[in-house]
Amino acid sequence: MAIKLNDNYLNGFILDQEYSAIQPQVSAAHKMLTERTGLGSNFLGWTTLPDDYDKQEFAAIKSCAQKIQKSCDVFIVIGIGGSYLGARAVIEYLKSPLYNSLKKDTPDIYFAGCNISAASIAELLSICEGKDVCINVISKSGTTTEPAVAFRVFRNMLEEKYGVEGAKERIFVTTDRQKGTLKAFSDQMGYQTFVVPDDVGGRFSVLTAVGLLPIAVAGIDIDALMKGADDARLAYSDDCICKNDCYKYAAIRNILYRKGKTTEILVGYETYAQMFNEWWKQLYGESEGKDQKGIFPASVIFSTDLHSLGQYIQDGMRNLFETVISIENSDVTFEIPNDPANVDGLNFLSGVDLNVVKKTAMQGTLLAHVDGGVPNILLEVKDRSEYSLGYMIYFFELACAISGYMLGVNPFDQPGVEAYKKNMFALLGKPGYEEMKQKLEARLG
């Protein structure tokens, strides 16, 4: 097991009989998922993906990544939501948030099409000046505003720099297998394409070509990533929460939610976990936030955020709980130096590994927050490796599905996301939205 759930910090918040009481609901959710009888069952491709994936495309991803590594200084990934968060989370988690500044033999990787910011796109164009650039646009349809605009901008840049034929060798597209605007345009232009599977939603797509191509370009072992996810798939096949920590996590979330704990804070103790937290927030927020229900997903990086949000967590409204990720075996050690003058009074820490200080800070914080009335779920992750991260990705995806079914929602759709898009299209004057535009403008005064 690459992940162990430690429930010692739930004492006093959850009684033993509550686990027994919720077990039938866990089993029912498990049955809906495995028998594909629940809501959104046409989007369950991710459940078997770590084992049942397109091996030919997987090999093509690795080959393409090597080609990009040899031909590019800068690799721009264009996508929004699940089309970029997973890849960025994995790259920063396994490499560094400072990946682009590190000495390496792989390209710098930047992300575009995930906002509507003139400043961001202008800055990225400036970074590309004088450098060889490749892009990977990721979109099921090709018509989502943010990535479509970014693709138009960077495609034009490449065509001006390399010509249409030269640009063709530097543009890689991840889109629908057969249909859609972007697929048709890619076939027309002769771009190399990869597939967004029909049965895998965006927020569950990190282990498809959506995430794997950028991840492989960064020099990460995608075989080990998939192996970790597959071992998690096998490990979490029993529906009994006494044997299945993934299902137990889903059960705990629902027990606490029914006690009024409506906000979950994912806690990391490493800066490299920040974008993983962002991926997790989309996964749970978009999956559960429906029908005026759902746990609000928030996140922090400690000890940094103990100096900003720590006060609220300790003494604020008692409607929250924390899920703490602890990396048990660090890949980096750093001893605190001695200061002969002992100016800061910290010589009692001289020679101590900074990981020991971090671990102690975590233990002290767990105890303080529990004493303050905040339940804490501790997830002990074996190490910072491709294998363990793949394992953790599958852990959270599976728990999300089970938790969503227990909540009584469809964990695999996102109807609320479309509301702002329709309003934006109407106000911008998109053909076919004329009547809606008039109504919205009247409301805006």
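As a reminder, the structure under discussion sits directly above these lines.
Calculation notes
Residues numbered from 1 in each chain as written. Predicted model: local features only at pLDDT ≥ 70, side-chain atom pairs only at ≥ 80, totals over all residues. Heavy atoms only, no water. Core = buried A, V, L, I, M, F, W, Y, C linked by side-chain atoms within 4.5 Å. Buried < 20%, exposed > 50% of the residue type's maximum accessible area, 1.4 Å probe, protein only. Helix = DSSP H or I, 4+ residues; strand = E, 2+ residues; numbered from the N terminus. Contact = heavy atoms within 4.5 Å. Pairing = 2+ DSSP bridges. Right-handed = clockwise from strand over helix to strand, strands pointing away. 1 Å grid on protein atoms, 1.4 Å probe; cavity = no way out; pocket = protein on both sides within 12 Å on 5 of 7 lines; lining within 4 Å. Points joined across faces, edges and corners; volume = space filled by probe spheres on them. Nonpolar A, V, L, I, M, F, W, Y, C, P; charged D, E, K, R; others polar. Axes fitted to C-alpha atoms, helices over the stretch in contact; angles between N-to-C directions. Salt bridge = Lys/Arg side-chain N within 4 Å of Asp/Glu carboxyl O. Parallel < 35°, antiparallel > 145°, perpendicular 65-115°, else oblique. Left-handed = near helix turned anticlockwise from the far one by under 90°.

Quick look at the nonpolar core
Reasoning step 1: W46, F276, W279 and F396 are the most contacted members of the largest nonpolar core, which has 116 residues in total.
Reasoning step 2: If one sorts the elements of this core by residue count, helix α14 (residues 386-407) sits on top with 15 residues.
Reasoning step 3: Not counting residues within four places of it along the chain, the set of residues in contact with W46 comprises L33, D199, V200, F204, Y394, E397, L398, A401 and F412.
Reasoning step 4: Listed in part, the 19 residues of the second largest apolar core include C128, V137, F151 and V173.

Thoughts on the environment of L5
Reasoning step 1: Looking at the element boundaries, L5 is found in strand β1 (residues 3-6).
Reasoning step 2: Under the relative-accessibility criterion, L5 is labelled buried at 8%.
Reasoning step 3: Leaving out residues up to four positions away in the same chain, L5 has contacts with D245, K248, Y249, I252, I377, L378 and L379.

Digging into the pairing of strand β2 (residues 74-78)
Reasoning step 1: The buried count for β2 comes to 5 of 5 residues, which makes it a mostly enclosed element.
Reasoning step 2: Burial of β2 is two-sided: the residues V74, I76 and I78 facing one way and the residues F75 and V77 facing the other way are all buried.
Reasoning step 3: Bridge analysis of β2 against strand β3 (residues 108-112) gives 5 bridges, and the strand direction is parallel. Paired with I78 across the strands is A112, a residue of β3.
Reasoning step 4: Taken together, β2, helix α4 (residues 85-94) and β3 form a β-α-β motif whose crossover is right-handed.
Reasoning step 5: In this structure, β2 lies alongside strand β4 (residues 133-138), joined through 5 bridges in parallel fashion.

Observations regarding the layout of surface pockets
Reasoning step 1: Computed from the structure, the largest pocket encloses a volume of approximately 920 Å³.
Reasoning step 2: What lines the largest pocket is a set of 36 residues, and nearest its centre among them are S83, K140, T144, Q414 and K421.
Reasoning step 3: Among the secondary structure elements, those contributing two or more residues to the lining of the largest pocket are α6 (145-168), α11 (274-288) and α15 (418-428).
Reasoning step 4: Residues that form the lining of the largest pocket fall into these classes: 13 nonpolar, 14 polar and 9 charged.

Some words on the sheet that holds strand β9 (residues 320-329)
Reasoning step 1: Taking strand neighbours across the sheet as the criterion, the 5 strands line up as β1-β10-β9-β7-β8 in an open arrangement whose pairing is mixed. Edge positions in the sheet fall to β1 and β8 (296-301), since each has one partner strand and no second. Each neighbouring strand pair of the sheet contributes to a mean axis angle of 20 degrees, computed without reference to strand direction.
Reasoning step 2: Sheet topology note: the β1/strand β10 (residues 376-383) ladder contains 4 bridges and is antiparallel. Residue K4 lies in a different strand from β10, and its bridge partner there is E380.
Reasoning step 3: Strand contacts of helix α10 (residues 245-258): β1, β7 (263-268), β9 and β10, with the helix running at about 35 degrees to β1, the strand carrying the most contacts.
Reasoning step 4: In this fold helix α13 (residues 354-371) packs onto β9 and β10, with an angle of close to 160 degrees to the strand it touches most, β9.

Side note on the pattern of salt bridges
Reasoning step 1: Enumeration over the complete set of coordinates arrives at 25 salt bridges.
Reasoning step 2: K104 is paired through a salt bridge with D108; the nearest N and O atoms lie 2.7 Å apart.
Reasoning step 3: Exposure remark for K104: the relative accessible area of 30% places this residue in the partly exposed category.
Reasoning step 4: Note that K183 is salt-bridged to D187, the shortest N-O span being 3.2 Å. Taken together, the positions of K183 and D187, both in helix α7 (residues 181-189) and 4 residues apart, correspond to about one turn of that helix.

Overview of empty space enclosed by the protein
Reasoning step 1: What the rule picks out here adds up to 1 cavity of 30 Å³ or more.
Reasoning step 2: When its volume is computed, the largest cavity comes out at roughly 30 Å³.
Reasoning step 3: Along the walls of the largest cavity sit V267, Y269, F302, E322, V324, T365, L366, H369 and N376, which together make up its complete lining.
Reasoning step 4: If you list the elements that add at least two residues to the lining of the largest cavity, you get β9 and α13.
Reasoning step 5: For the lining of the largest cavity, the residue count by class is 5 nonpolar, 3 polar and 1 charged.

Comments concerning unusual backbone geometry
Peptide bonds are, in most cases, trans, and in most cases residues other than glycine have a negative phi.
Reasoning step 1: Between F302 and the following residue, S303, the backbone shows a cis peptide bond with an omega angle of 10 degrees.
Reasoning step 2: Of note, S303 is situated in the loop between β8 and α12 (310-315).
Reasoning step 3: The phi torsion at R36 lies on the positive side, around 55 degrees, for a residue other than glycine.
Reasoning step 4: Within the secondary structure, R36 sits in the loop between α1 (16-34) and α2 (45-48).
Reasoning step 5: Positive phi, normally seen in glycine, also occurs at D291, with a value near 55 degrees.
Reasoning step 6: Within the secondary structure, D291 is located in the loop between α11 and β8.
Reasoning step 7: Given a relative accessible area of 53%, D291 falls into the exposed group.

Quick word on the packing of α11 against α14
Reasoning step 1: Close contact between α11 and α14 brings their axes to 9 Å; oriented N to C, the two are set at 20 degrees. It follows from the interaxial angle that α11 and α14 lie roughly parallel. Between α11 and α14 lies a crossing of right-handed hand. Residues F276, W279, W280, L283, Y284, S287 and E288 of α11 touch α14, and the partners they reach there are L389, M392, I393, F396, E397, A399, C400, S403, G404 and L407.
Reasoning step 2: Among the residues making up the contact of α11 with α14, the classes are represented as 12 nonpolar, 3 polar and 2 charged.

Some remarks on the sheet that holds strand β5 (residues 171-175)
Reasoning step 1: Taken in spatial order, the 5 strands line up as β3-β2-β4-β5-β6 in an open sheet, and their pairing is parallel. Each edge of the open sheet carries a strand with a single partner, namely β3 and β6 (192-195). Here the strands of the sheet are splayed against their neighbours by 20 degrees on average, with no regard to which way each runs.
Reasoning step 2: Contacting β4, β5 and β6, α7 runs over the sheet at an angle of about 145 degrees to β5.

By themselves, these observations are geometric and do not establish any function.
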